[in-house]
Amino acid sequence: MSRPADVVVQPIRSFDEGCRRRLGIAIECRSCGKRVTYRCQDFVGYIDPTADIEVLRWRCAWCRTPAESARYVMIEKMDRQDLAQWRAPPWMAPRT
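None of these values were measured; they are calculated from a predicted model.

J.: Quick one: what's the story with the pattern of salt bridges, residue by residue and with numbers?
T.: A complete count under the given rule lists seven salt bridges for this structure. With a closest N to O distance of 3.4 Å, E28 and R71 form a salt bridge. With a gap of 43 residues between them, E28 in strand β1 (residues 23-29) and R71 in strand β3 (residues 67-74) connect regions that are remote in the sequence. R39 is paired through a salt bridge with D42; the nearest N and O atoms lie 3.3 Å apart. A relative accessible area of 15% means that D42 is categorised as buried. One connected set of salt bridges, linked through shared partners, spans R13, E17 and R21.

Right, here's the structure in full:
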C-alpha cells in the first residue's frame, strides 16, 4: 500500500509541534471531494497550541460542509500555488 508523498509519517502530538516543524494542514471534503492545504502558521492565535487538529471540526472552503479529514502534511517541497492562505473571518476573535 502506498501513501501520498506529502503525508507526514511521524505522528505529530500537538498543533504547536506542527508549527515548529513548519507543516501544513490538509483538509479534505467528503461532499465535493476538494482538498485544500493551509500553513499551520496561518492559524497561530486561533488554535490552542496543545490541540489535536484531527479532532477539531473543519469545514470545506468551497461548499461549507463538514470536512472528512484534517492531517499534517509537509509543505517545504510544494509549489506556492498549491497552498491556500487562511484568514480569520471578521466575527472570529483570536485566543487570549
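J.: Tell me about the layout of surface pockets, and name the residues and values.
T.: By rolling a water-sized probe across the atoms, one finds the places where empty space is left. Taken as a whole, the largest pocket holds about 750 Å³ of empty space. Elements with a minimum of two residues in the lining of the largest pocket: β2 (35-39) and β3. Sorting elements by how many residues they give to the lining of the largest pocket places β3 first, with four residues. Taken together, the residues that form the lining of the largest pocket break down as 18 nonpolar, two polar and eight charged.

J.: Please provide a residue-by-residue account of the packing of aromatic side chains, values included.
T.: Under the criterion given, the structure shown has four aromatic pairs. Ring geometry for F43 versus W58: centroids 5.4 Å apart, planes at 85 degrees, classification edge-to-face. Of this pair, F43 sits in the loop between β2 and β3 while W58 is found in the loop between β2 and β3, placing the two residues 15 residues apart along the sequence. Taken individually, F43 and W58 each receive the classification buried, so the pair is uniform in this respect. Through pairs of rings, three or more aromatic residues link up here, namely Y38, F43, Y46, W58 and W86.

Calculation criteria
- Along each chain, residues carry numbers from 1 onward, in the same order as the chain's sequence is written.
- Given that the model is predicted, a residue must reach a pLDDT of at least 70 before its local features are reported, and side-chain atom pairs must reach 80 or more before they are shown or counted; all residues, however, enter totals for whole chains, interfaces and linings.
- Only heavy atoms go into the side-chain values, all of them from the structure, while hydrogens and water stay out.
- Any Lys or Arg side-chain nitrogen found within 4 Å of a carboxyl oxygen on Asp or Glu counts as a salt bridge.
- Counting from the N terminus, the helices are the DSSP runs of H or I reaching at least four residues and the strands are the DSSP runs of E reaching at least two.
- The cut-offs for exposure are 20% and 50% of the maximum accessible area for each residue type, with area from a 1.4 Å probe on protein chains only; residues under the lower value are buried, those over the upper are exposed, and the others partly exposed.
- Residues are called lining when one of their atoms sits within 4 Å of a cavity or pocket point, these points coming from a 1 Å grid over the protein atoms alone, where a cavity is a set in which a 1.4 Å probe fits but cannot get out and a pocket is an open set with protein on both sides within 12 Å along at least five of seven lines.
- Grid points are joined across faces, edges and corners, and a volume is the space filled by probe spheres set on the points.
- In this classification, the charged set is Asp, Glu, Lys and Arg, the nonpolar set is Ala, Val, Leu, Ile, Met, Phe, Trp, Tyr, Cys and Pro, and all remaining amino acids, among them Gly, are polar.
- Between the rings of Phe, Tyr and Trp (Trp by its six-membered ring), a pair exists once the centres lie within 6.5 Å; its type follows the angle of the planes, with under 30 degrees stacked, over 60 edge-to-face, and the other angles tilted.

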